[in-house]
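Fold and geometry: a report
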Amino acid sequence: MMKAKWLYSELPISLGELSQLMKKNQYSESTGSGFLLSTSTSKKLVGKYIEKVILKNLVEDPFGEISEVESINYYTCQFNWSDESHFMYISEPPRSLKKFSNKLHSLTGLGLVLSELSVAPECWLRRIEEEADEVKIFQISSYGIRTSLNSTAKIVVSGKTDVREAFAELVSDKRYLTDSIKFEAEFEGMTVKGELTKSGSCRLTSPNLSFVLEKLRASLEKSITHYY
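In what follows, the accompanying structure is described. All residue numbers refer to positions counted from 1 along the written sequence of the respective chain. Local features are withheld for residues below a pLDDT of 70 in this predicted model, meaning they are given only at 70 or higher, and side-chain atom pairs are given and counted only at 80 or more; totals for whole chains, interfaces and linings count all residues. For side-chain calculations, the full set of non-hydrogen atoms in the structure is used, while hydrogens and water are omitted.

Thoughts on the overall build of the protein
Let me state the cut-off plainly: Helix and strand assignments follow DSSP, with helices taken as H or I runs no shorter than four residues and strands as E runs no shorter than two, numbered in order from the N terminus. We call two residues contacting when some pair of their heavy atoms lies within 4.5 Å. For the accessible areas, the method is Shrake-Rupley and the probe is 1.4 Å, while residue cover comes only from the protein chains on display. Asp and Glu are treated as the negative residues and Lys and Arg as the positive ones, with His and the ends of the chain left uncounted. Charge positions come from single atoms, namely NZ of Lys, CZ of Arg, CG of Asp or CD of Glu.
Each helix and strand counted, the protein has five helices and 13 strands in total. Over its C-alpha atoms, taken along the principal directions, the protein stretches across nearly 65 × 55 × 35 Å. In the protein, the share of contacts with a sequence separation of at least 24, taken over all contacts with a separation of at least 6, comes to 60%. For the protein, the exposed area adds up to about 13000 Å²; of that, 49% sits on carbon and sulfur atoms. Computed over 29 positive and 30 negative side-chain charges, the separation of the two mean positions in the protein equals 2 Å.

Below you can see the structure in the form of structure tokens.
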């Protein structure tokens, strides 16, 4: 299953200009940081940012001798931009995007925007449903359900068949917010299984991830509530 995190972006330069800057800052072991591009056109920019991280630890052996041990890790951030949308995604996102965003700022200067999302998963899925042949929802996680004047509840409704009706009966006329939705969709005979979250992240299983991710990008743009 592949994970992707969507972000709202505004670039002060074109994708073509950004790709040229990234090519001038390609990764090498000597510099320890840089970009590797797999697709670089005026319409699409796909690749990864890599940064070599050297950690030094002090280790004491059984005889009380202390020595310094060096370990090497690699920070990797895989990105995908399309000139047709303000929404880009990070594949298999690292814990923090700070190294990646800092490098972008150093390349592009002022005017770069790279923002987290706040999206209603049910609205996002509704837009996907407009493009799909069939959509089934197998799990809905919600929160903020008022149970009394001083308390709220969080519930997860899951099943082997579509759970929308069961969820609607359970929450009735109560107000709630959706945290995540697990679904299965059919596109021209191709089955997609996935999960959408309120932060704009998704997990997907599909024989054609590129096709599905572009569908998700377009549907997200139509359903987004706000970014910050």
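Description of the pairing of strand 8 (residues 134–148)
Our working definition: When DSSP finds two or more bridges between two strands, those strands count as paired.
Two elements, strand 8 and strand 10 (residues 177–187), share nine bridges in a ladder whose sense is antiparallel. Bridge pairing in strand 10 places Val135 opposite Ala185. In terms of strand pairing, strand 8 meets strand 9 (residues 151–158) through seven bridges, oriented antiparallel. When the sheet's bridge partners are listed, Ile140 is paired in strand 9 with Val157.

Quick word on a nonpolar patch on the surface
Note the threshold: Each patch is built from residues lacking any salt bridge and having more than 30% relative accessible area; the joining distance is 9 Å for like charges and 5 Å for nonpolar side chains (Val, Leu, Ile, Met, Phe, Trp, Tyr). In what follows, salt bridge is the name for a side-chain nitrogen of Lys or Arg lying within 4 Å of a carboxyl oxygen of Asp or Glu. Only protein chains enter the accessibility calculation, which uses a 1.4 Å probe; a residue whose area is less than 20% of its type maximum is buried, one above 50% is exposed, and one in between is partly exposed.
Side chains of Ile54, Ile72 and Tyr74 sit close together on the surface and give an oily, nonpolar patch of about 280 Å² of accessible area. Relative to the helices and strands, Ile72 is located in strand 4 (residues 66–82). Owing to a relative accessible area of 40%, Ile72 belongs among the partly exposed residues under this scheme.

Topic: the environment of Lys99
Residue position: Lys99 is located in helix 2 (residues 98–108). For Lys99, a relative accessible area of 34% translates into the label partly exposed. Sequence separation of Lys99 and Ser201 is 102 residues, and the distance between their C-alpha atoms is 19 Å. Contacts of Lys99, omitting those with residues within four sequence positions, involve Tyr49, Glu51, Val53 and Tyr75.

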